[in-house]
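Coordinate analysis (summary)
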Amino acid sequence: MTVVTRFAPSPTGFLHVGGAHTALFNWLFARHNGGKFLLRIEDTDRARSTEEAVKAILDGLTWLGLDWDGEVISQFSRVARHAEVARQMVAAGKAYPCYCTPEELTAMREQAAAEGRFTGYDGRWRDRDPSEAPAGVAPAIRLKAPREGETVIDDLIQGTVRVANDQMDDMVLLRADGTPTYMLAVVVDDHDMEVTHAVRGDDHFTNAFRQTQIYNAMGWQPPIFAHMPLIHGPDGKKLSKRHGAVAVGNYADMGFLPEAMRNYLLRLGWSHGDDEIIGTEQAIEWFGFEGVLRSPARFDMAKLTNLNGHYIRQAEDRRLVGLTLPRLRDSLGADFAEGTEDRLLAGMAALKERAKTLVDLADSAAFYVRRRPLPVDAAAAALLDAQARDMLAQIRRQLASVTAWKAENLEAVARAHAEGAGLKLGKVAQPIRAALTGATVSPPIFAVMEILGSEETLGRLDDVVKGIGHSEA
Ligand code: GLU
């Protein structure tokens, strides 16, 4: 049997972290089993299903690296098939037309509630002859659900759960206007797509019982269900906008790498011993529903951020340059010195050691590609007093005569200067750092000087010595 999973989002305008979590688990299970991962957009709500809303989902999945097999399937495009199945069920005596008006249904429910009875549909059209149909009324089609016995689900995560059939009423399959209900559409689509495993949030667990009744009525084999605990916010409530960003695209903007997000979403509600860092290949190898934790996991930004730092350190320098440059161009605007991009590549190995996000990385890299004169932050400005500027003027002269512009030679100049003046190296290096980077923290400063090159280094020192430039303080 080829494993077939699917992700079936409704377009809400963005890919929710919870949706991404569901998609990831479906994807991993399919890839682990050499199966297929299908994508179905549940776009029957036409008002919400705009092209942009669908694109936002595809973009989110693509960014996360969750590639789907085959074409994207539109649920809406299949309404004729859904209706056909409903009619087949009527023909087979498994479903029937119901001519109740909405008012009648409301009155029925209110009366049942007042009498403390089951408020579901009471089956009043279940056994009536079609000849009794009122003229000119279009019927809804309802499932002739079993009245006795129970519906059982062997869920890979929730275990075996039984619901007595007298707790479920005859659900509508096709509305009077001919449109399918969600329950019918999901079942018909999953069947036709030959889905073997329906993996989704446990907010759909109760639906699975009704859906199983439809499968049984059609004589179809239901998929194996796996209902995953939902993701909660730090306060233990279902993750929502109240907790901060919930769209995957926001995390991309905030400078998270897709592999970090994948690793984090995997660990959210799934474990493999004490392993925290689980790369994608490893995840595919290890994935199974045995590892799913039964209780909801809490979204922990600090953990995600730490993982991201790990993946940034692992990432290739050239890729990080590609991810950082557009951010720098955006944030620096006219202050971006075109033609300085190669400095980023040279400096990346050191820069990435300290960054937790691409935003940090771009911030800490900005001094490499800024146009002179550099802004100087308050702490750095405090180091650049008159005495320090005198010292920098002397060092600038000594540096100007260095012929091989290499970190070790530049460091030798600074050391010689420090020794001559009876200072510790740091007392010399810190003002140099402040002048060249505008900050008090940076990668090793002599390596920075080498990357900036002699002309830029001397120019930046000149700016400070001459008091050119502005302080952010
Ligand atoms: N469209 C549903 C949702 O977005 C998913 C239905 C399913 O996975 O069966 O929650």
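Model, not experiment: these values are computed from the prediction.

Every residue near the ligand is listed here: Arg6, Ala8, Pro9, Ser10, Glu42, Tyr182, Val186, Arg200 and His204. The contact in question runs from a nitrogen atom of the ligand to an N or O atom on the backbone of Ala8, over 2.7 Å. Note that a nitrogen atom of the ligand is positioned 3.0 Å from one of the side-chain N or O atoms of Ser10. Relative to its unbound accessible surface of 300 Å², the ligand loses 79% to contact with the protein. When the residues that make up the shell around the ligand are grouped by side-chain class, the tally is four nonpolar, two polar and three charged.

Let us look at the environment of Ala421. Within the element layout of this structure, Ala421 appears in helix 16 (residues 407–421). Measuring from C-alpha to C-alpha, the distance between Ala421 and His272 comes to 58 Å, with 149 residues separating the pair along the chain.

What follows covers the side chain of Arg142. Structurally, Arg142 can be placed in strand 5 (residues 140–143). This buried residue, Arg142, is left without a salt bridge; Asp169 holds the nearest opposite charge, at 4.9 Å. Within the structure, the side chain of Arg142 is placed 2.7 Å from the backbone oxygen of Asp170, a separation counted as a polar contact. In contact with Arg142, not counting residues within four places along its chain, are Lys94, Ala95, Tyr96, Cys98, Leu105, Tyr121, Asp170, Met171, Val172 and Leu173.

Our next topic: the environment of Gly244. Relative to the elements of secondary structure, Gly244 occurs in the loop between strand 11 (231–232) and helix 7 (248–253). Separated by 57 residues in sequence, Gly244 and Met301 place their C-alpha atoms 9.8 Å apart.

Glancing now at the pairing of strand 10 (residues 224–228). Of all five residues that make up strand 10, four are buried, and the element is covered over most of its length. In the sheet, strand 9 (residues 197–201) pairs with strand 10 via five bridges, with the strands oriented parallel. Considered in strand 10, the bridge of Arg200 is made with His227. Viewed along the sheet, the connection from strand 9 through helix 6 (residues 205–218) into strand 10 turns out right-handed.

Criteria and cut-off values
Residues numbered from 1 in each chain as written. Predicted model: local features only at pLDDT ≥ 70, side-chain atom pairs only at ≥ 80, totals over all residues. Heavy atoms only, no water. Near = heavy atom within 4 Å. Polar contact = N/O pair within 3.5 Å; in protein donor to acceptor, adjacent residues only side chain to side chain. Areas by Shrake-Rupley, 256 points an atom, 1.4 Å probe, with all protein chains shown as cover. Nonpolar A, V, L, I, M, F, W, Y, C, P; charged D, E, K, R; others polar. Helix = DSSP H or I, 4+ residues; strand = E, 2+ residues; numbered from the N terminus. Buried < 20%, exposed > 50% of the residue type's maximum accessible area, 1.4 Å probe, protein only. Lys, Arg positive; Asp, Glu negative; His and termini not counted. Salt bridge = Lys/Arg side-chain N within 4 Å of Asp/Glu carboxyl O. Contact = heavy atoms within 4.5 Å. Pairing = 2+ DSSP bridges. Right-handed = clockwise from strand over helix to strand, strands pointing away.

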